Amino acid sequence: MAIIVNLDVMLARRKMRSRELARRIGITEQNLSILKTGKAKAIRLATLEAICRHLDCQPGDLLEFREETNRADEPDE
Amino acid sequence: MSNVGKIKRYSRRFRRLFQGLFYLVPLLIGAYWSIFNWLPADMKLGLLPGGVPVSELPLVSLALGFVVSMVPVGVAMLGINYLARLFALYEEGRIFTGDNVRCLRNLGKTMMAWCAAGILFDPLASMALTMHHPPGQRILTIGLGSPDLTTFLVGGMIMVVAWVMDEGRRLQDEQNLTV
């Protein structure tokens with residue numbers, strides 16, 4: 001996935017644990033983990049809004065586009 | 001009751017039904033051939049074309065008749081097994097998974113194979129039932145009927161349903177990975 005979610009970085013900056021953030025924004029820790037580990041295929045705007053509100057940041061602080069050099073990991077269609 | 005609740009409840013019943021049929025069908029076939037010579041004539045109709053009556057069979061022909069019957073029945077048992085597995089998955093609440101897609105795809109292929117097995121049954125059964133007759137009175141039949149074509153078409157439709165369910169699986173996977 002070319003979109004990188006820098007949630008770990010923002011959590012470290014705000015000195016907040018994943019569990020605490022998950023509880024505050026109303027999602028499970030497992031779902032937050034899916035986001036942190038880059039396995040998420042999509043994020044709802046409502047979730048992004050909630051993360052930005054509770055981490056006091058902008059969407060651009062969380063999301064980064066990095067062009068993929070190796071496309072071998074893309075799933076077959 | 002929610003949809004998922006209904007799916008689980010009725011799937012449990014179907015799973016039990018198909019698991020029972022999986023063992024019952026070969027037993028019934030075995031019982032049929034073991035008491036074949038004592039059956040009334042109308043229970044032997046249709047085994048040979050044109051209403052040709054089936055005479056009393058020697059043991060070898062009875063055994064061959066059972067083996068030949070197990071060709072389409074064996075394929076049917078495979079299909080019954082896939083149905084039992086499919087409903088077992090639904091009973092667990094697993095609806096759009098890769099296992100469900102594989103079961104449906106295999107079921108479709110089995111239906112098509114059942115059509116072929118049914119076509120193969122006619123010549124094999126006619127030989128088995130008349131091989132003890134004197135030369136000139138033995139029968140070999142081969143045929144293709146609308147039930148065979150219907151079975152083949154239903155198998156094809158189930159394959160399409162399997163592809164539809166695979167799309168459902170993709171959407172479910174995407175939904176699961178949407179935060």
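As a reminder, the structure under discussion sits directly above these lines.
Cut-off values and rules
- Residues numbered from 1 in each chain as written.
- Chains lettered and ligands numbered in written order.
- Predicted model: local features only at pLDDT ≥ 70, side-chain atom pairs only at ≥ 80, totals over all residues.
- Heavy atoms only, no water.
- Axes fitted to C-alpha atoms, helices over the stretch in contact; angles between N-to-C directions.
- Helix = DSSP H or I, 4+ residues; strand = E, 2+ residues; numbered from the N terminus.
- Parallel < 35°, antiparallel > 145°, perpendicular 65-115°, else oblique.
- Nonpolar A, V, L, I, M, F, W, Y, C, P; charged D, E, K, R; others polar.
- Contact = heavy atoms within 4.5 Å.
- Buried area = accessible area lost by both parts, 1.4 Å probe.
- Salt bridge = Lys/Arg side-chain N within 4 Å of Asp/Glu carboxyl O.
- Polar contact = N/O pair within 3.5 Å; in protein donor to acceptor, adjacent residues only side chain to side chain.
- Buried < 20%, exposed > 50% of the residue type's maximum accessible area, 1.4 Å probe, protein only.
- Phe/Tyr/Trp six-rings, centres within 6.5 Å; stacked < 30°, edge-to-face > 60°.
- Expected span 1.5 Å × (residues − 1).
- Bend = angle between axes of the 7 residues up to and from the residue.
- Core = buried A, V, L, I, M, F, W, Y, C linked by side-chain atoms within 4.5 Å.
- 1 Å grid on protein atoms, 1.4 Å probe; cavity = no way out; pocket = protein on both sides within 12 Å on 5 of 7 lines; lining within 4 Å.
- Points joined across faces, edges and corners; volume = space filled by probe spheres on them.
- Patch = residues over 30% accessible without salt bridge, like charges linked within 9 Å, V, L, I, M, F, W, Y side chains within 5 Å.
- Areas by Shrake-Rupley, 256 points an atom, 1.4 Å probe, with all protein chains shown as cover.

Asks: I'm lost on the packing of helix α1 (residues 3-34) of chain B against helix α2 (residues 59-91) of chain B in this one. Help?
Replies: Between two packed helices, what matters for the description is the angle formed by their axes and the separation of those axes. All names here are of chain B. Interhelical geometry of α1 versus α2 gives an angle of 170° and a closest axis separation of 8 Å. With respect to each other, α1 and α2 are oriented roughly antiparallel. Along the lines of polarity and charge, the residues of the contact of α1 with α2 split into 20 nonpolar, six polar and four charged.

Asks: Is there a simple way to think about the interface of chain A and chain B in this case?
Replies: Many authors give the size of an interface as the accessible area that is lost as the parts come together. Listed as interface residues are eleven residues of chain A and, on the opposing side, six residues of chain B. A combined buried area of about 740 Å² lies between chain A and chain B, and 61% of that area is made up of carbon and sulfur atoms. Looking only at chain A, the three residues that lose the most surface to chain B are Lys41(A), Ala42(A) and Arg44(A), adding up to 58% of its buried area. There are zero salt bridges connecting chain A and chain B. On the surface where chain A and chain B come into contact, there are five residue pairs in polar contact (both at pLDDT 80 or more). Here the residues of the side of chain A that touches chain B are counted per class, giving six nonpolar, two polar and three charged.

Asks: Honestly, unusual backbone geometry in this entry has me stumped. Any pointers?
Replies: For residues other than glycine, phi is negative in most cases, and the peptide bonds are mostly trans. Residues and elements named next belong to chain A. Although it is not a glycine, Lys-15 sits at a positive phi angle of roughly 50°. Residue class for Lys-15 comes out exposed when judged on its relative accessible area of 77%. If you check the backbone angles, Asp-56 has positive phi at about 50° while not being a glycine. Mapping Asp-56 onto the fold places it in the loop between α4 (45-55) and α5 (59-62).

Asks: Which parts of the structure should I look at to understand the packing of aromatic side chains?
Replies: Both the distance between ring centres and the angle between the ring planes are used here to describe each pair of aromatic rings. Residue and element names in this part refer to chain B. Counted under the stated rule, the structure contains eight aromatic pairs over all chains. A ring pair is formed by Phe-87 and Tyr-90, whose centres lie 5.8 Å apart and whose planes are at 80°; its orientation type is edge-to-face. Here Tyr-90 and Phe-87 lie together in helix α2, a separation of three residues that amounts to about one turn. The burial state of Phe-87 is the same as that of Tyr-90; both residues are buried. Site record: aromatic cluster; members linked through ring pairs are Phe-14, Phe-18, Phe-87 and Tyr-90.

Asks: What is the right way to read α2(B) from this model?
Replies: Along an α-helix, residues three or four apart share an orientation, since each turn contains 3.6 residues. Residue and element names in this part refer to chain B. Over its 33 residues, α2 extends 44 Å from the first C-alpha to the last, a length consistent with the 48 Å expected when each residue adds 1.5 Å. Where α2 bends most, at Val-71, the angle is about 40°, and the proline Pro-72 comes one to four residues later. In the stretch just after α2, Gly-93 is the one whose phi turns positive, near 85°.

Asks: For this particular structure, what's the right way to read the nonpolar core?
Replies: One recurring pattern in soluble globular proteins: nonpolar side chains tend to sit buried together. Counting 20 residues, the largest nonpolar core has Leu7(A), Leu21(A), Leu32(A), Leu55(A) and Leu62(A) as its most contacted members. Contributions of two or more residues to this core are made by α1 (7-13), α2 (18-25), α3 (29-36) and α4 of chain A. Discounting chain neighbours no more than four positions away, the residues touching Leu32(A) are Leu7(A), Ser18(A), Leu21(A), Ala22(A), Ile25(A) and Ile27(A). One finds Ala84(B), Leu86(B), Val101(B) and Met111(B) within the second-largest nonpolar core, a separate group that totals 18 residues.

Asks: Help me understand empty space enclosed by the protein in this model?
Replies: Empty pockets left among the atoms are what a rolling probe the size of a water molecule brings to light. Residues and elements named next belong to chain A. Scanning the entire structure with this criterion turns up one cavity of 30 Å³ or more. The computed volume of the largest cavity comes to approximately 30 Å³. Lining the largest cavity we find Val-5, Leu-7, Leu-35, Ile-43, Leu-48, Ile-51, Leu-62 and Leu-63. Partitioning the lining of the largest cavity into residue classes produces eight nonpolar, no polar and no charged.

Asks: Is there a simple way to explain the packing of α2(B) against helix α3 (residues 98-130) of chain B in this structure?
Replies: Residues and elements named next belong to chain B. Interhelical geometry of α2 versus α3 gives an angle of 170° and a closest axis separation of 9 Å. One way to sum up the angle between α2 and α3 is to call them roughly antiparallel. Residue composition of the contact of α2 with α3, grouped by class: 23 nonpolar, eight polar and two charged.

Asks: Would you mind showing me how to read a nonpolar patch on the surface here?
Replies: Residues and elements named next belong to chain A. Together, Met-1, Ile-3, Leu-63 and Phe-65 give the surface a local cluster of nonpolar side chains, amounting to about 390 Å² of exposed area. By the element assignment, Leu-63 lies in strand β2 (residues 63-65). Residue Leu-63 is classed as partly exposed on the basis of its relative accessible area, which comes to 31%.

Asks: What am I meant to see in the side chain of Ser126(B) here?
Replies: Position of Ser126(B) among the secondary structure elements: in helix α3. At 3.5 Å, the side chain of Ser126(B) and the backbone oxygen of Ile139(B) are in polar contact.

Asks: Help me understand α1(B), please; the structure alone is not making it clear to me.
Replies: All names here are of chain B. With 32 residues, α1 extends 46 Å between its outermost C-alpha atoms, agreeing within 8% with the 46 Å of an ideal straight helix rising 1.5 Å per residue. Helix geometry: α1 is bent most strongly at Phe-22, by close to 30°, with proline Pro-26 lying one to four residues after it. Residues of α1 that are buried include every one of Ser-11, Arg-15, Phe-18, Pro-26, Ile-29 and Trp-33, and no others. On its buried side, α1 packs onto α2 and α3.

These values are about where atoms sit, not about what they do.
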